[in-house]
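# Coordinate inspection notes
Chain by chain, the residues run as shown.
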Amino acid sequence: MAENSWSLGRALRGLFVKPTIDETTWDDLETALLTADFGPDVTERLIDELREKVERYRTTDPRDLQRMLRETLEEHFAKFDTTLRLTERPAVVLVVGVNGVGKTTTIGKFAKFLQRYGRTVVVGAADTFRAAAVDQLATWAERGGATIVRPQHEGQDPASVAFQTVAHAKETATEIVLIDTAGRLHTKGGLMDELGKIKRVVEKQAPISEVLLVLDATTGQNGLLQAQAFLDSAGVTGLVLTKLDGSAKGGFVLAVQERTGIPVKLLGQGEGIGDLTGFTPHVFAASLVD
Ligand SMILES: Nc1nc2c(ncn2[C@@H]2O[C@H](COP(=O)(O)OP(=O)(O)OP(=O)(O)O)[C@@H](O)[C@H]2O)c(=O)[nH]1
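Residues numbered from 1 in each chain as written. Predicted model: local features only at pLDDT ≥ 70, side-chain atom pairs only at ≥ 80, totals over all residues. Heavy atoms only, no water.

## Things to note about a negative patch on the surface
Together, Asp27, Asp28, Glu30, Asp41, Glu44 and Asp48 make up a region of like negative charge exposed at the surface. If you list the elements that add at least two residues to the negative patch, you get helix H2 (23-35) and helix H3 (40-56). Structurally, the position occupied by Asp27 is in helix H2. On the accessibility criterion, Asp27 (44% relative accessible area) is partly exposed. (Patch = residues over 30% accessible without salt bridge, like charges linked within 9 Å, V, L, I, M, F, W, Y side chains within 5 Å. Areas by Shrake-Rupley, 256 points an atom, 1.4 Å probe, with all protein chains shown as cover. Salt bridge = Lys/Arg side-chain N within 4 Å of Asp/Glu carboxyl O. Lys, Arg positive; Asp, Glu negative; His and termini not counted. Charge placed at Lys NZ, Arg CZ, Asp CG, Glu CD. Helix = DSSP H or I, 4+ residues; strand = E, 2+ residues; numbered from the N terminus. Buried < 20%, exposed > 50% of the residue type's maximum accessible area, 1.4 Å probe, protein only.)

## Some details on the site of the ligand
The full set close to the ligand counts 16 residues, and Lys103, Thr104, Thr105, Asp245 and Glu271 are the nearest of them. In this structure, Thr105 approaches the ligand through a side-chain N or O atom, which is 2.2 Å from an oxygen atom. When the free accessible area of the ligand is taken as 650 Å², the share hidden by the protein chains comes to 78%. The biggest single contributor to the shell around the ligand is helix H5 (residues 103-116), with four residues. Residue classes in the shell around the ligand are distributed as one nonpolar, nine polar and six charged. (Near = heavy atom within 4 Å. Polar contact = N/O pair within 3.5 Å; in protein donor to acceptor, adjacent residues only side chain to side chain. Nonpolar A, V, L, I, M, F, W, Y, C, P; charged D, E, K, R; others polar.)

## Comments concerning the pairing of strand E1 (residues 91-96)
By the criterion of burial, E1 is predominantly enclosed, with six of the six residues buried. Burial of the side chains of E1 extends over both faces: Ala91, Val93 and Val95 are buried on one face and Val92, Leu94 and Val96 on the other. Relative to strand E4 (residues 176-180), E1 runs parallel, the two being bridged by five bridges. The residue bridging Val92 from the neighbouring strand is Val177, located in E4. (Pairing = 2+ DSSP bridges.)

## Describing the packing of aromatic side chains
Remark: the centre distance and the inter-plane angle together describe each pair of aromatic rings, the angle taken between the planes. This structure, assessed with the given rule, holds six aromatic pairs. Taken together, a centroid distance of 5.4 Å and an interplanar angle of 55° make the contact between Phe113 and Tyr117 tilted. Residue class for Tyr117 comes out exposed when judged on its relative accessible area of 57%. The interplanar angle of 65° and the centroid separation of 5.3 Å between the aromatic rings of Phe279 and Phe284 together place this pair among those described as edge-to-face. The pair Phe279 / Phe284 is uniform in exposure class, with both members buried. One aromatic cluster is present, built from ring pairs that chain together Trp6, Phe77, Phe279 and Phe284. The side chain of Arg143 reaches across the aromatic face of Trp140, ending 4.4 Å from its centre. (Phe/Tyr/Trp six-rings, centres within 6.5 Å; stacked < 30°, edge-to-face > 60°. Lys NZ or Arg CZ within 6 Å of the ring centre and 35° of its normal.)

## Digging into the packing of helix H4 (residues 62-77) against helix H12 (residues 281-289)
Interaxial distance between H4 and H12 falls to 9 Å at its minimum, and their mutual angle equals 145°. In terms of crossing hand, the pair formed by H4 and H12 is right-handed. From H4, Gln66, Leu69, Arg70, Leu73, Glu74 and Phe77 reach across to H12, where they touch Pro281, His282, Phe284, Ala285, Ala286, Leu288 and Val289. Looking at side-chain class alone, the contact of H4 with H12 contains nine nonpolar, two polar and two charged residues. (Axes fitted to C-alpha atoms, helices over the stretch in contact; angles between N-to-C directions. Left-handed = near helix turned anticlockwise from the far one by under 90°. Contact = heavy atoms within 4.5 Å.)

Below you can see the structure in the form of structure tokens.
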């Protein structure tokens, strides 16, 4: 498997080839986990669990520790149900998040991802205040093989664009609706009111299957603070982490799940249309450790 920037592999290599587990092993492991942005709480818990397992199995072999680390991480990742719920027809997905985190790009990549599974997709441009943003979304929707419903004029009520997008999906039997929403308004209250209105209007026609919050993995804890209003009141059902490529913060994936209690459902790992994958605990844990 090709080594990812966020893999712990390099940081841990020296540790697992040593003849025996000793105190420096634990120090080095702690440093590697903290560096990878697991955060102090999760790091401490992981180290405690691993020390306990090493003791229970009476091993001093670092290769056992490597296997236990992989298994422990997988157990932690798998505590959350990372499956996308897209069984309704149409399945409506609201995509939320602050500006600049990669929302537009993610929508294009997600459309492509769904298309690869044979799904038809329409994108609704309900972030209606910047014409340039709508054009950019249109470009990404096209790359992703989706149609787009645009506002009829700049600043059109976002909820009415969302309504028209779901109506279009029903008329054309399009299976999945991805709705782009605004990342910033003058007040946070205004933004949440707008999202609430979009939801109410959409739900007159179809249930909302997922509310996906897009987070930039390179911003770590700070990005979570910026997204707090969404976490508090947008009814987020899943997280999308973007910009994991080039980031050394593989641990953020676990830290963010534990801190929010919300599963990571998609990972963005590049600027290309194909650079979005689902999140599979087993695969991710193996890529982190091996
Ligand atoms: N390396 C990398 N870059 C990404 C990824 N996702 C998005 N980007 C880049 O991040 C920048 C912002 O992405 P956008 O999709 O425009 O972000 P946005 O949240 O829609 O931003 P606004 O349009 O300002 O609201 C662009 O330069 C993207 O190419 C990713 O997974 N990896």
